[in-house]
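# Coordinates in review
The lines below spell out each chain.
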Amino acid sequence: MEGVDHLAHERNKSEFDVDAMKIVWAGSPHAFDVSDRISKLVASDPGFRKDNRSTLSRKELFKNTLRKAAYAWKTIVDLRLSEEEAAKLRFYVDEPAFTDLHWGMFIPAIKGQGTEEQQQKWLPLAYKMQIIGCYAQTELGHGSNVQGLETTATFDSQTDEFIIHSPTLTSSKWWPGGLGKVATHAIAYARLIVGGREHGVHGFIVQLRSLEDHSPLLGITVGDIGMKFGNGAYNTMDNGVLQFDHVLDVYSIAFASIAVMLWVSQVTCEGKYKQSDVPRQLVYGTMVYVRQTIVADASCALSRAVCIATRYSAVRRQFGSQNGGPETQVIDYKTQQSRLFPLLASAYAFRFIGEWLKWLYADVTQRLQANDFSTLPEAHACTAGLKSLTTTATADGIEECRKLCGGHGYLCSSGLPELFAVYVPACTYEGDNTVLLLQVARFLMKTVSQLGSRLSSKKPVGTIAYMTRVEHLMQCRCGVQRGFAELSADLVEAAVAHCQLIVVSKFIEKLQQEIPGKGVKQQLEVLCNIYALFLLHKHQGDFLSTGCITPKHAALANDELRSLYSQVRPNAIALVDAFNYTDHYLGSILGCYDGNVYPKLYEAAWKDPLNESVVPDGYHLYIRPLLKQEIRTARL
Ligand SMILES: CC(C)(COP(=O)(O)OP(=O)(O)OC[C@H]1O[C@@H](n2cnc3c(N)ncnc32)[C@H](O)[C@@H]1OP(=O)(O)O)[C@@H](O)C(=O)NCCC(=O)NCCSC(=O)/C=C/CC(=O)O
Ligand SMILES: Cc1cc2nc3c(=O)[nH]c(=O)nc-3n(C[C@H](O)[C@H](O)[C@H](O)COP(=O)(O)OP(=O)(O)OC[C@H]3O[C@@H](n4cnc5c(N)ncnc54)[C@H](O)[C@@H]3O)c2cc1C
């Protein structure tokens, strides 16, 4: 029945202060207030409804996305929302759109790599959305290999301009979000050529479309690359294709025609190229910034799926009825707990590693401004490795949550198929996860060769086994006289182990902080132990081969896991309530707050357009003739 909390009995079991845990999850009382207020604002506004997406055609879907983006912008302006509140509103609108790349890459790239002069010119326009930007780096022929990009930017010292050109089919820009139908400007990455000499890949701000009638400018061919994985999902985004035919571009992001203090390089009025004495990899700065935000996004996506699967696991009953009594809640099955609770622990683990990575990125950015590049290699390795680790685990975790919900998990109304389809490209964009792990492996090889066997002694005691595992995996590989390429598959495993060590050690460090609220710290300790022991169990071969644990230890760890699952069980619903997601944001009947699943599933089914008529279109044309065939065919 509506209004009845079918999960009240579960919520009454909680052994900790859920409101205090909501603050821990949000990061601070202020962050909680902003999230809570904005999520409810979005949930209560019919202009942001999203339950009809799966029934729209691509063109209807995209037009609806443009409507929502404009409506969101109007809401932000009318309510005078702050930058933080506006970002939260776009988050809770929960729809991949061109605005993601405008706010998430185009503006950060100008802030991170533009000159003062360029920031003063472009940021006011971008913040007012008087221009709409995209990040055009990937090409048809190259995405991972940035140094392989073919687009050219040739400096013409006669006119003090850059001529941007796509020399081959494979140099067509391909994939940039927002590019296909909306962006008026792009940060386009191209090979700089000055005085006939090439100077590698740099970023350039290029106008693509007229601000009057939105038509592509002279020399610009631009469009959408077509349907992507899943039906609704990421098809609300116009990932585009772009070709330049000797386009004049007077604004380069890494350059000004007049030499000004720049991050990366200078081209003077006399057409001389001067490489600044900063690492050339700073041109990759925007990707590093986005990779650290993707780690925080992983905790959001995984917690969403876990919230749905946990609530439904408490609602669903199957088998186990005694003397006509209620059947067993599937959340009480040890197999369900052994699949679900490590994902719950991972959601919290990724939340805290995301907080730490945000600190690390801010720290390295501050150092760069003082020309201190000492921590840049570690920041690159951490952002690359943790992006890879958390997105792989989250994509796999969302799919596991779908399976944990049985058949109903396969319904669009469960919210899980769409969540998976929207999330899974995170394993590819901002750097293919394997390519990024190879960067971590390269960093580890260098570190081992510089520091000897001890990679780092700066880890909490509880992580000795994890640290020994990484060192052992590296020694097994580094000791063998074969090339990096030959050992790359093994080195990637060591890179994953290194990233898992970081996640475990940062979770332990989080628990050493003051954490207010009755029982809150104890719950987090249980989740931290689940995360660490689950991985130890999953990779026990590595740990046993290091000799730092014995088979008896491994067996004890497994026993302890079962005990920890029993400790989580009475708190499971409260632990997912702590995410404070509205039913609107979850978009899931299985995960609805009141647990009133069956009536809602049944009601939703009849809303499907296929049920608008009792007799489906096509019956009379195709099926009736079949049914009316001569008796003779019935004998076949
Ligand atoms: C794979 C990469 C990093 C290779 O880059 P490359 O220039 O070829 O460098 P090397 O592998 O030769 O390494 C040389 C040296 O530089 C260090 N390094 C590399 N990258 C960085 C960095 N970002 N910061 C600092 N240092 C870096 C590296 O460690 C080496 O150091 P040594 O001391 O060992 O010499 C590069 O090609 C790359 O990043 N590829 C991935 C491309 C990518 O991520 N594309 C994303 C496009 S945008 C997008 O996908 C948007 C999606 C939409 C959305 O997010 O919503
Ligand atoms: C939804 C989506 C949105 C995107 N948005 C944007 C955007 O806004 N702007 C933009 O510029 N780009 C964007 N991209 C492109 C994205 O950044 C690239 O697809 C990504 O970097 C992977 O590069 P690739 O496609 O060249 O993969 P490839 O490198 O071709 O990967 C193919 C396979 O080759 C393997 N591989 C490649 N190199 C090596 C190596 N050295 N050693 C071992 N294995 C290797 C990979 O691991 C992978 O298994 C987007 C992509 C997607 C899917």
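Everything numeric in this text was worked out from a predicted model, so none of it was measured.

## Overview of the side chain of Thr-383
Tracing the backbone shows Thr-383 in helix H10 (residues 376–404). Classification of Thr-383 by relative accessible area gives buried; the value is 2%. Polar side-chain contacts of Thr-383 include one of 2.7 Å to the backbone oxygen of Ala-379. Among the polar contacts listed, one links the side chain of Thr-383 to the backbone oxygen of His-380, at a separation of 3.0 Å. If we skip the residues at most four places from it in the chain, Thr-383 touches Val-288, Arg-291, Gln-292 and Leu-357.

## Considerations on the environment of Gln-281
Mapped onto the elements, Gln-281 comes out in the loop between strand S11 (273–275) and helix H8 (285–315). Along the primary structure Gln-281 and Leu-376 are separated by 95 residues, whereas in three dimensions their C-alpha atoms are 9.5 Å apart.

## A short note on the pairing of strand S8 (residues 240–244)
Only one face of S8 is covered, namely the one carrying Gly-240, Leu-242 and Phe-244; the face carrying Val-241 and Gln-243 has none of its residues buried. By the bridge criterion, two bridges tie strand S4 (residues 173–174) to S8 in an arrangement that is antiparallel. Following the sheet pairing, Trp-174 is matched in S8 by Val-241. Bridge analysis of strand S7 (residues 220–224) against S8 gives five bridges, and the strand direction is antiparallel. Residue pairing for S8: Val-222 is matched across the bridge by Leu-242.

## Some remarks on the nonpolar core
Of all hydrophobic cores here, the largest spans 125 residues; its most connected members are Leu-344, Tyr-348, Leu-386 and Leu-524. Examining the composition of this core, we find that 16 residues originate from one element, helix H9 (residues 334–369), more than from any other. When near neighbours in sequence (up to four residues on either side) are disregarded, Tyr-348 contacts Met-21, Trp-25, Phe-507, Leu-524, Leu-527, Leu-575, Ala-578 and Phe-579. Listed in part, the 31 residues of the second largest apolar core include Ala-69, Ile-132, Val-201 and Tyr-284.

## Regarding the UniProt feature "active site" (unreviewed entry) in the protein chain
Residues annotated by UniProt as "active site" (unreviewed entry) correspond here to Glu-430. On the secondary structure map, Glu-430 appears in the loop between helix H11 (416–423) and helix H12 (433–451). What Glu-430 contacts, discounting residues up to four positions off in sequence, is Met-105, Met-287, Val-290, Arg-291, Ile-294, Lys-387 and Leu-436.

## Some details on a nonpolar patch on the surface
Judged by side-chain polarity, Leu-621, Tyr-622, Ile-623, Leu-626 and Leu-627 come together as a nonpolar surface patch covering roughly 550 Å² of accessible area. Among the structural elements, Leu-626 can be located in helix H21 (residues 619–627). A relative accessible area of 49% means that Leu-626 is categorised as partly exposed.

## Quick look at the site of ligand 1
Inspection of the region around ligand 1 gives 26 residues, with Ser-144, Tyr-284, Glu-430, Arg-442 and Lys-446 positioned closest. Contacts to ligand 1 include Glu-430, whose backbone N or O atom sits 2.8 Å from an oxygen atom. Within the side chain of Lys-446, a nitrogen or oxygen atom sits 2.6 Å from an oxygen atom of ligand 1. If ligand 1 stood free it would expose 1100 Å²; the protein chains cover 80% of that surface. Mapped onto the shell around ligand 1, the elements with two or more residues apiece are helix H6 (98–113), H8, H10 and H12.

## Topic: helix H3 (residues 29–43)
In this model, H3 (15 residues) spans 21 Å end to end at C-alpha, consistent with the 21 Å of a helix rising 1.5 Å per residue. Residues of H3 that are buried include every one of Ala-31, Phe-32, Val-34, Ser-35, Asp-36, Ile-38, Ser-39 and Val-42, and no others. The elements touched by buried residues of H3 are helix H2 (18–26), helix H5 (83–93) and helix H19 (583–586).

## Section: the site of ligand 2
Near ligand 2 lie 20 residues; those nearest to it are Tyr-135, Thr-138, Ser-144, Gly-177 and Asp-432. At 3.2 Å from an oxygen atom of ligand 2 is found a main-chain nitrogen or oxygen belonging to Gln-137. Interatomic distance of 2.6 Å between a side-chain N/O atom of Asp-432 and an oxygen atom of ligand 2. When ligand 2 sits alone it has 970 Å² of accessible area, and the protein chains cover 62% of it. Ranked by the residues each element gives to the shell around ligand 2, the list is headed by H12, at three residues. Partitioning the shell around ligand 2 into residue classes produces nine nonpolar, nine polar and two charged.

## Some details on the environment of Thr-392
Relative to the helices and strands, Thr-392 is located in helix H10. Under the relative-accessibility criterion, Thr-392 is labelled partly exposed at 33%. Separated by 185 residues in sequence, Thr-392 and Asp-577 have C-alpha atoms that sit 25 Å apart.

## Description of the pairing of strand S6 (residues 197–207)
A large share of S6 lies buried, amounting to eight of its eleven residues. Taken together, the nine bridges between strand S5 (residues 185–194) and S6 define a ladder with antiparallel strand orientation. Across the sheet, residue Val-194 finds its bridge partner in S6, namely Arg-197. In sequence, S5 turns back onto S6 through a hairpin of two residues, with Gly-195 there showing a positive phi of about 60°.

## Topic: H6
Helix length check: H6 (16 residues) gives 21 Å between terminal C-alpha atoms against 22 Å at 1.5 Å per residue, within 8%. For H6, a buried count of twelve out of 16 residues is recorded, marking the element as mostly surrounded by other parts of the structure.

## Here we look at the packing of aromatic side chains
Taken as a whole and judged by the stated rule, the model has 23 aromatic pairs. Ring plane angle 80° and centroid distance 6.3 Å describe the contact between Phe-350 and Tyr-531, whose orientation is recorded as edge-to-face. A residue pair is termed long-range when its members are at least 10 positions apart, and Phe-350 in helix H9 and Tyr-531 in helix H15 (residues 520–538) qualify at 181 residues. Of the two residues, Phe-350 and Tyr-531, both sit in the buried class. Through a chain of ring-to-ring contacts, the aromatic side chains of Trp-25, Phe-91, Tyr-92, Tyr-348, Phe-352, Phe-507, Phe-579, Tyr-581 and Tyr-585 assemble into a single cluster. Taking NZ or CZ as reference, Lys-121 lies 4.9 Å from the ring centre of Trp-122, over its face. The residue whose ring lies beneath Arg-304 is Tyr-585, and the NZ or CZ to ring-centre distance is 4.3 Å.

The rules behind each value
- Residues numbered from 1 in each chain as written.
- Chains lettered and ligands numbered in written order.
- Predicted model: local features only at pLDDT ≥ 70, side-chain atom pairs only at ≥ 80, totals over all residues.
- Heavy atoms only, no water.
- Helix = DSSP H or I, 4+ residues; strand = E, 2+ residues; numbered from the N terminus.
- Buried < 20%, exposed > 50% of the residue type's maximum accessible area, 1.4 Å probe, protein only.
- Polar contact = N/O pair within 3.5 Å; in protein donor to acceptor, adjacent residues only side chain to side chain.
- Contact = heavy atoms within 4.5 Å.
- Pairing = 2+ DSSP bridges.
- Core = buried A, V, L, I, M, F, W, Y, C linked by side-chain atoms within 4.5 Å.
- UniProt positions renumbered as here; feature names shortened; annotations may be inferred.
- Patch = residues over 30% accessible without salt bridge, like charges linked within 9 Å, V, L, I, M, F, W, Y side chains within 5 Å.
- Areas by Shrake-Rupley, 256 points an atom, 1.4 Å probe, with all protein chains shown as cover.
- Salt bridge = Lys/Arg side-chain N within 4 Å of Asp/Glu carboxyl O.
- Near = heavy atom within 4 Å.
- Expected span 1.5 Å × (residues − 1).
- Nonpolar A, V, L, I, M, F, W, Y, C, P; charged D, E, K, R; others polar.
- Phe/Tyr/Trp six-rings, centres within 6.5 Å; stacked < 30°, edge-to-face > 60°.
- Lys NZ or Arg CZ within 6 Å of the ring centre and 35° of its normal.

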